[in-house]
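Spelled out, the chains give:
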Amino acid sequence: MNRESSDSEAAKPARTPLLEKRTTGPDEGGGGSSSSSSSATPVLVLTTLVAVSGSYVFGSAVGYSSPAQTGIMDDLGLTSAQYSVFGSILTIGAMIGAAISGRIADYIGRRGTMGLSAVLCITGWTAIALSKISLWLDIGRWLVGCGMGLLSYVVPIYIAEITPKDLRGGFTTVHQLMICCGVSMTYLIGAFVAWRALALIGIIPCLVQVIGLAFVPESPRWLAKTGRSKECEAALLRLRGKNTDISQEAAEIWEYTQTLRRLSEARISDLFQRKYAYSLIVGWGLISCVQIPMTALGVLLMDKSGRRPLLLVSAAGTCLGCLMTGFSFFFQDLQMWTVFTPILALVGVLVYTGSFSLGMGGIPWVIMSEIFPINMKGLAGSLVTVVSWLGSWIISYAFNFMMDWSSAGTFFIFSSICGFTVLFVAKLVPETKGRTLEEIQATMNPF
């Protein structure tokens with residue numbers, strides 16, 4: 001009997017401080033505590049708002065170059081090539097920041113990484129606002145890009161780690177919504193203020209985040225990963241409410257952490273092992289082998305074939321790609337042609353990606369810059385940007401729900417929307433090739 005008891009005890013996972021205080025149910029430990037962790041507490045809402053201040057910084061950095069272009073080029077005497085460097089160096093910094101974001105977030109924590117990002121962005125915006133030559137302008141833009149790259153990883157990760165599972169989807173998509181707000185507000189404000197003032201305004205959300213980080217908890221999951229069990233429990237209680245029973249969630253966090261410790265740490269070289277070769281080839285191919293050539297082809301053809309033909313071909317191609325993907329799920333659900341359906345899905349995705357890159361990915365922004373008169377361009381451009389990013393947010397939020405409803409039906413709906421786009425372009429979108437802006441605007445907006 002004693003032998004069996006000792007074996008049973010040995011088989012149980014070791015008790016940890018993370019679980020020690022919260023293993024009793026709400027009726028055993030004094031009563032009154034709630035077992036639900038799905039409510040949006042004030043601390044959770046505040047913490048999310050502080051995090052998505054970084055998302056707003058992301059959007060403001062993306063939206064800055066358009067309204068600031070004329071002022072910067074006139075004041076500093078930049079050529080088009082020099083300003084192109086200024087505009088594009090943001091993405092180089094973002095790639096660097098994104099590449100190191102995971103390691104930094106694991107080493108100094110989620111809050112620390114967001115704080116570091118805010119410092120980089122403050123430094124970058126200040127350098128832009130005070131720059132007298134293009135070199136400091138580019139350095140500032142690059143620093144903002146590095147901060148943006150860190151934010152692009154750590155903000156959604158942090159929000160996902162602090163929110164209950166029933167609220168995670170909605171709270172995480174606020175990240176995308178705040179990016180949209182940052183882009184549109186920067187575009188709107190830039191129509192009324194000088195470029196240096198616009199750069200200084202970009203510092204405000206960074207300061208909000210730096211100050212706010214002092215009042216929000218660290219990610220409980222990161223604290224558990226680093227062995228800080230008491231701090232993890234304290235953070236979880238702040239996020240869920242002091243009267244909430246967190247024992248089940250704490251147990252899940254600890255189990256997950258223990259699982260991670262049993263696994264070897266992933267290295268970049270592991271990605272190139274033979275077992276990952278197929279996934280790597282497909283992933284790289286969809287990005288590089290399809291998008292880049294098709295985008296380049298669209299650039300070459302835009303002023304030769306015209307905007308409308310490219311848009312019509314592109315919209316029709318996206319319609320076909322979604323239709324093929326939808327049929328692949330449809331046949332899979334019916335257990336028909338199961339060997340053929342994965343190929344059909346892959347071809348559908350490739351057709352959609354290539355077609356989108358050919359025209360729909362870039363030409364609408366070209367036409368947007370052409371059709372609005374100068375006195376309305378700031379406001380109209382802001383509205384178009386809001387609609388575009390809001391549409392992206394709606395799709396990203398609704399996609400999982402739609403796929404749960406019907407995978408085939410989801411892509412059939414997308415295909416129908418793309419088909420409607422063909423009709424919209426054919427009936428309403430003007431051809432702007434070879435016409436001056438004044439001619440286009442006079443035709444569309446007669447005064």
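So, here is what we can say about the structure in this document.

Reading the values: the criteria
- Residues numbered from 1 in each chain as written.
- Predicted model: local features only at pLDDT ≥ 70, side-chain atom pairs only at ≥ 80, totals over all residues.
- Heavy atoms only, no water.
- Helix = DSSP H or I, 4+ residues; strand = E, 2+ residues; numbered from the N terminus.
- Contact = heavy atoms within 4.5 Å.
- Areas by Shrake-Rupley, 256 points an atom, 1.4 Å probe, with all protein chains shown as cover.
- Salt bridge = Lys/Arg side-chain N within 4 Å of Asp/Glu carboxyl O.
- Phe/Tyr/Trp six-rings, centres within 6.5 Å; stacked < 30°, edge-to-face > 60°.
- Buried < 20%, exposed > 50% of the residue type's maximum accessible area, 1.4 Å probe, protein only.
- Lys NZ or Arg CZ within 6 Å of the ring centre and 35° of its normal.
- Expected span 1.5 Å × (residues − 1).
- Core = buried A, V, L, I, M, F, W, Y, C linked by side-chain atoms within 4.5 Å.
- Axes fitted to C-alpha atoms, helices over the stretch in contact; angles between N-to-C directions.
- Parallel < 35°, antiparallel > 145°, perpendicular 65-115°, else oblique.
- Left-handed = near helix turned anticlockwise from the far one by under 90°.
- Nonpolar A, V, L, I, M, F, W, Y, C, P; charged D, E, K, R; others polar.
- Disulfide = S-S within 2.5 Å.
- Polar contact = N/O pair within 3.5 Å; in protein donor to acceptor, adjacent residues only side chain to side chain.
- Patch = residues over 30% accessible without salt bridge, like charges linked within 9 Å, V, L, I, M, F, W, Y side chains within 5 Å.

1. Overview of the overall build of the chain
Part 1: Within the chain, the regular secondary structure consists of 18 helices and zero strands.
Part 2: In the chain, once contacts between residues fewer than 6 apart in sequence are set aside, the share between residues at least 24 apart is 79%.
Part 3: Accessible area of the chain: about 23900 Å², with a carbon and sulfur share of 67%.

2. Thoughts on the pattern of salt bridges
Part 1: According to the stated counting rule, one finds three salt bridges in the structure shown.
Part 2: Here aspartate 106 and arginine 110 are joined by a salt bridge, their closest N and O atoms 3.1 Å apart. Residue aspartate 106 and its partner arginine 110 are both found in helix H4 (residues 80-130); the two are separated by four residues, about one turn of the helix.
Part 3: Put simply, aspartate 106 and lysine 225 hold a salt bridge, and the shortest N to O gap is 3.4 Å. Of this pair, aspartate 106 sits in helix H4 while lysine 225 sits in helix H9 (residues 220-225), placing them 119 residues apart in sequence.

3. Some words on the packing of aromatic side chains
Part 1: For the coordinates displayed, the defined rule picks out 11 aromatic pairs.
Part 2: With a centroid separation of 6.4 Å and 70 degrees between ring planes, the pair formed by tyrosine 64 and phenylalanine 86 is classed as edge-to-face. You can see tyrosine 64 sitting in helix H3 (residues 42-76) and its partner phenylalanine 86 sitting in helix H4, a full 22 residues away along the chain. There is no split in this pair, since tyrosine 64 and phenylalanine 86 are both buried.
Part 3: Between the aromatic rings of phenylalanine 327 and phenylalanine 330, the centroid separation amounts to 6.4 Å while the plane-to-plane angle is 85 degrees, which identifies the pairing as edge-to-face. Within this pair, phenylalanine 327 and its partner phenylalanine 330 are both found in helix H13 (residues 307-333), separated by three residues, close to a single helical turn.
Part 4: On the basis of relative accessibility, which here comes to 32%, the residue phenylalanine 327 falls in the partly exposed class.
Part 5: Members of the aromatic cluster, each reached through a chain of ring pairs, are Phe327, Phe330, Phe331, Trp337 and Phe412.
Part 6: Over the ring of phenylalanine 86 we find arginine 141; its NZ or CZ atom is 5.1 Å from the centre of that ring.

4. Overview of helix H10 (residues 229-240)
Part 1: Here H10 contains 12 residues, and its C-alpha end-to-end distance of 16 Å stays within 8% of the 16 Å for a straight helix at 1.5 Å per residue.
Part 2: Of all the positions in H10, only Ser229, Cys232, Glu233, Ala235, Leu236, Leu237, Leu239 and Arg240 are classed as buried.
Part 3: A positive phi of about 105 degrees marks glycine 241, the residue just after H10.

5. Considering unusual backbone geometry
Part 1: The backbone of glutamine 335 sits at a positive phi, close to 55 degrees, despite the residue not being glycine.
Part 2: Position of glutamine 335 among the secondary structure elements: in the loop between H13 and helix H14 (341-360).
Part 3: Classification of glutamine 335 by relative accessible area gives exposed; the value is 58%.

6. A short note on the nonpolar core
As a rule of thumb, soluble globular proteins bury nonpolar side chains together.
Part 1: Of all hydrophobic cores here, the largest spans 44 residues; its most connected members are Tyr64, Ile72, Trp125 and Ile128.
Part 2: Contributing elements (two or more residues each) for this core: H3, H4, helix H5 (134-162), helix H6 (168-189), helix H7 (195-201) and helix H8 (203-213).
Part 3: No other element matches the 12 residues that H4 contributes to this core.
Part 4: Contact partners of isoleucine 72, with chain neighbours within four places excluded, come to Tyr64, Gly77, Leu78, Tyr83, Phe86, Leu137 and Trp195.
Part 5: By size, the runner-up hydrophobic cluster in this structure holds 10 residues, among which are Leu223, Ala235, Leu236 and Ala250.

7. Things to note about the packing of H3 against H5
For any two helices packed against each other, one specifies the crossing angle of their axes together with the interaxial distance.
Part 1: Running from N to C, H3 and H5 point in directions that differ by 160 degrees, and their axes come no closer than 9 Å. Classified by the angle their axes make, H3 and H5 are roughly antiparallel. Judged by the twist between their axes, the crossing of H3 over H5 is left-handed.
Part 2: Here the residues of the contact of H3 with H5 are counted per class, giving 18 nonpolar, six polar and one charged.

8. A closer look at the state of the cysteines
Part 1: Counting across every chain of the model gives zero disulfides.
Part 2: Looking at cysteine 121, it has no disulfide partner, and the nearest cysteine sulfur is the one in cysteine 206, 4.8 Å off.
Part 3: Distance from the sulfur of cysteine 319, which forms no disulfide, to the nearest cysteine sulfur (cysteine 418) is 6.1 Å.

9. Describing the side chain of serine 184
Part 1: Examined against the element boundaries, serine 184 turns out to sit in helix H6.
Part 2: Polar contacts involving the side chain of serine 184 include one to the main-chain carbonyl oxygen of cysteine 181, which spans 3.2 Å.

10. Brief notes about the packing of H4 against H5
Part 1: Orientation of H4 relative to H5, taken along the N-to-C sense of each, is 35 degrees, at an axis distance of 5 Å.
Part 2: Partitioning the contact of H4 with H5 into residue classes produces 32 nonpolar, 16 polar and five charged.

11. Re a nonpolar patch on the surface
Part 1: Taken together, the side chains of Leu320, Leu323, Phe327, Phe330, Leu334, Met336, Trp337, Phe340, Ile343 and Val347 define a hydrophobic patch exposed on the protein surface, amounting to about 880 Å² of accessible area.
Part 2: Per-element tally for the nonpolar patch: the top contributor is H13, with four residues.
Part 3: Structurally, isoleucine 343 is set in helix H14.

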